[in-house]
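# Analysis of the macromolecular model
If you want the building blocks of each chain, they are given just below.
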Amino acid sequence: MSPELIKRLTEHQPSLIGLEQCRQAAVLIPLLETPDGVQIVLEQRSPKLKHQPRDICLPGGAIEAGETPRQAAVREACEELLLRPEQIQVFGLMDVLHTNTLMLYPYAAKLTDYDMTYSTAEVERVFCVPLSFFQTQKPEQYRITLPVHPPEDFPLSRIVGGKQYQWRERREDIIFYQYQDWTIWGITAKILQAFARITR
């Protein structure tokens, strides 16, 4: 082998195959210290939003060009919760969520002098859930299956089995937390379940 090939192999920094096909986003897990313990600030999305109106979520959004995931999480939190960057003390990156279509970077952070403000353009309301709730509550879990539908021009004749090829079903576990009247589910619930494991 050539020295150049060996150098490339030994110095390669691993990435995720297919990352370029994923939407990349970042969220903040905003923590408040209160007399009743640590609380997590959550949002209910505005009904005016095109995607997932009125769902419960963490502040966050798409990573813009030239921006790091951490910068995106802080920027989005400032926009949605009407914060200044100096009110956000980022502790670090938590467990990253990766699906076929999304790479999501969650950052845990402490908020200071936050008075439950929010932008009505994106948020209908904000509320707090004790961290201890996620640490002690077992979520409901449901498995969904996602069928495979190859496009009409897919070269079935080139694979063993052709039209009768037995595609594996894509499966995904969807989890739900119910806190009072709030249903916290989907990706937000997965991020908070993982965060609870880290902090438990």
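As shown above, the structure is provided for reference.
Here's what I pulled together on the structure shown here. Numbers given for residues are sequential positions, taken from 1 along each chain in its written order. Only residues with pLDDT of at least 70 are given local features in this predicted model, and only at 80 or more are side-chain atom pairs given and counted; all residues enter the totals for whole chains, interfaces and linings. In computing side-chain values, all of the structure's heavy atoms are included and hydrogens and water are not.

## Here's the deal with the packing of aromatic side chains
Aromatic rings from Phe, Tyr and Trp, taking only the six-membered ring of Trp, are treated as a pair when their centres fall within 6.5 Å; an angle between ring planes under 30 degrees marks them as stacked, one over 60 as edge-to-face, and anything in between as tilted. Taken as a whole, this structure holds nine aromatic pairs when the rule is applied. Where Tyr165 meets Trp167, the ring centres are 5.0 Å apart and the plane angle is 75°; that geometry is what we call edge-to-face. Put simply, the rings of Phe133, Phe134, Tyr177 and Tyr179 pair up and form one aromatic cluster.

## Comments concerning the side chain of Gln87
A run of H or I in DSSP counts as a helix once it spans at least four residues, and a run of E counts as a strand once it spans at least two, with each numbered from the N terminus. Following the sequence through the fold, Gln87 ends up in the loop between α2 (69-81) and β5 (88-93). With relative accessibility at 6%, the residue Gln87 sits in the buried group. Reaching out from Gln87, the side chain makes a polar contact with the backbone oxygen of Asp113 at a distance of 3.0 Å. Any two residues whose heavy atoms approach within 4.5 Å at even a single point are treated as in contact. Not counting residues within four places of it along the chain, the set of residues in contact with Gln87 comprises Lys110, Leu111, Thr112, Asp113 and Tyr114. Three exposure classes are used, based on accessible area relative to the maximum for each residue type with a 1.4 Å probe and protein chains only: buried under 20%, partly exposed in between, and exposed over 50%. Each polar contact in these results corresponds to two N or O atoms within 3.5 Å; when the atoms are within protein, one needs to be able to donate a hydrogen and the other to accept it, and residues that are neighboring in sequence are counted only if both atoms are side-chain atoms.

## Topic: α2
In this model α2 runs 18 Å from its N-terminal to its C-terminal C-alpha over 13 residues, within 8% of the 18 Å that 1.5 Å per residue would give. Where α2 is buried, its residues meet β1 (23-34), β2 (37-45), β4 (60-62), β5, β7 (102-111) and β8 (123-130). Of the residues flanking the end of α2, it is Leu82, one or two places downstream, whose phi is positive at about 55°. Take the number of residues in a helix, subtract one, and multiply by 1.5 Å to get its expected span.

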